Amino acid sequence: MKKMMMMLIMATVALTASAQNTLRETGAFTLQPKVGIGLGHISGSYDGDFDPKFRAGFVGGLEGECYAAPWLGIALGVNYAQQGWKMKSKSLNTTLTNKLDYLNIPLVANFYVARGLALKAGVQLGILLKAKTEDVDVKDICKSTAFAIPIGISYEFYNVVLDFRYNIGASKVNKEGDAQRGDLLQLTVGYKFEL
């Protein structure tokens, strides 16, 4: 029984030490594939007849991170995101779905405030890949690029990273008309490979 208890204690200590080793040395570089879900939403001005709703979609991509210090990482990523929103017309009692798919390129500073716990802030360029309202192509009336300000928090445990971000739309979606901006809440899970 003593041997079993001693082995359990040693295994717990080894696992805890491994879990705590998430701070990396200056100059370290990691790659992280990630997948998750996004909730797109509209902000800004729009027709008062419409009540905006969230649109759920897929988010996935790859992020590379270079550590400027053990507490600071600079990450550059490429992500595919199904964004957009739903709009319910109050007068017509119908709901329209706006599907905007982007190739997002975020540049984010990760501030490691505790082992494995990072606060995030940065800038993001989005390249419009597809735009539809219901089944009608509306790409020609949308801007081809979008800018956002991603802020968030992540936690890393055994190289598995749970990441929550809010991408605040900083530019108009449409070329003309209302100043609608597309926001995105995203939750992803990824795995870090140290190179």
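Residues numbered from 1 in each chain as written. Predicted model: local features only at pLDDT ≥ 70, side-chain atom pairs only at ≥ 80, totals over all residues. Heavy atoms only, no water.

Peer 1: Quick one: what's the story with the overall build of the protein chain, residue by residue and with numbers?
Peer 2: Within the protein chain one finds one helix and 11 strands. Reading the secondary structure of the protein chain in the N-to-C direction produces α-β-β-β-β-β-β-β-β-β-β-β. In the protein chain, which comprises 195 residues, the proportion classed as buried is 37%. A separation threshold of at least 6 residues defines the contact pool for the protein chain, and within that pool the share at least 24 residues apart is 61%. For the protein chain, the exposed area adds up to about 10,700 Å²; of that, 68% sits on carbon and sulfur atoms. (Helix = DSSP H or I, 4+ residues; strand = E, 2+ residues; numbered from the N terminus. Buried < 20%, exposed > 50% of the residue type's maximum accessible area, 1.4 Å probe, protein only. Contact = heavy atoms within 4.5 Å. Areas by Shrake-Rupley, 256 points an atom, 1.4 Å probe, with all protein chains shown as cover.)

Peer 1: If you had to explain the environment of E25 to someone new, which residues and values would you point to?
Peer 2: Following the sequence through the fold, E25 ends up in the loop between α1 (2-20) and β1 (29-44). Along the sequence, E25 and A69 sit 44 residues apart, while their C-alpha atoms lie 6.7 Å from each other.

Peer 1: Give me the pairing of β1: which residues, what numbers.
Peer 2: Two faces make up the sheet, and in a regular strand the side chains alternate between them. Both β1 and strand β3 (residues 55-69) contribute to a ladder of 12 bridges, which runs antiparallel. Paired with P33 across the two strands is L62, which belongs to β3. In this sheet, strand β11 (residues 193-194) lies alongside β1 in antiparallel orientation, the contact comprising two bridges. Within β11, the position partnered with L31 by the bridge is F193. Note: β1 against strand β10 (residues 180-191), 11 bridges, orientation antiparallel. Looking at the pairing, V35 lines up with V189 of β10. (Pairing = 2+ DSSP bridges.)

Peer 1: I'd like to hear about the nonpolar core, residue by residue, with values.
Peer 2: Formed by I42, W85, M87, L100, Y102, L128, A131, V138, C142, A146 and V173, the largest nonpolar core amounts to 11 residues. Elements represented by at least two residues in this core include exactly β4 (72-89), β5 (94-114) and β6 (117-133). Every residue in contact with W85, bar those within four places of it in the chain, is listed here: G40, H41, I42, K53, R55, L96, T97, N98, L100, V173, Q180 and G182. (Core = buried A, V, L, I, M, F, W, Y, C linked by side-chain atoms within 4.5 Å.)

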